[in-house]
Amino acid sequence: MLENLRSFAQPYGGDLFLLLIALAVVSLAALVGIRKRLPIEQLRRVIRIAALVALLGSVFAMQVGSAYYAIAGVLLVWGVLVGIIFGREIGTKR
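Residues numbered from 1 in each chain as written. Predicted model: local features only at pLDDT ≥ 70, side-chain atom pairs only at ≥ 80, totals over all residues. Heavy atoms only, no water.

### Remarks on helix α2 (residues 15-34)
Here comes step 1: Taking 1.5 Å per residue, 20 residues should reach 28 Å; α2 reaches 29 Å between its end C-alpha atoms and fits that length.
Here comes step 2: Those residues of α2 that fall on the buried side of the exposure criterion are Phe 17, Leu 20, Ala 24, Leu 28 and Leu 31. Looking straight down α2, one finds its buried side chains confined to an arc of 70°; they lie on one side. α2 presents Leu 19, Leu 23, Val 25, Val 26 and Ala 29 as exposed residues on the side facing more than 90 degrees away from its buried surface. (Helix = DSSP H or I, 4+ residues; strand = E, 2+ residues; numbered from the N terminus. Expected span 1.5 Å × (residues − 1). Buried < 20%, exposed > 50% of the residue type's maximum accessible area, 1.4 Å probe, protein only. Arc of directions from axis to C-beta.)

### Some words on the pattern of salt bridges
Here comes step 1: One pass over the full model with this rule turns up 6 salt bridges.
Here comes step 2: For the salt bridge of Arg 6 with Glu 3, the shortest nitrogen-to-oxygen distance reads 3.6 Å. Of this pair, Arg 6 and Glu 3 both sit in helix α1 (residues 2-9), 3 residues apart, which is roughly one turn of that helix.
Here comes step 3: The class for Arg 6 is partly exposed, based on a relative accessible area of 32%. (Salt bridge = Lys/Arg side-chain N within 4 Å of Asp/Glu carboxyl O.)

### Notes on the packing of helix α3 (residues 40-64) against helix α4 (residues 69-93)
Here comes step 1: Following both chains from N to C, one finds α3 and α4 inclined at 170°, their axes separated by 8 Å at the closest point. Taken as axis vectors, α3 and α4 run roughly antiparallel relative to one another.
Here comes step 2: Classifying every residue of the contact of α3 with α4 gives 19 nonpolar, 5 polar and 3 charged. (Axes fitted to C-alpha atoms, helices over the stretch in contact; angles between N-to-C directions. Parallel < 35°, antiparallel > 145°, perpendicular 65-115°, else oblique. Nonpolar A, V, L, I, M, F, W, Y, C, P; charged D, E, K, R; others polar.)

This is how it looks when you write it as structure tokens:
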């Protein structure tokens, strides 16, 4: 099964693409788990940091070459999801 995933991900950046997807899923799960306990200011800070990581990571991935555009897309989608989830949490805490 792992070889099937690796062969699927090869045109999109290979093992780095799979690692980044796994990291994005795990970090989203962790952030969703702790979002209720964070104050509003901390939620805003997490949104800013996620946006910074997503934008800088996607710019660097696009600079490396066209094979890494999928990695840039994963980073941008991760940043948008973090922003939406935490933005809604800020809205419910007000």
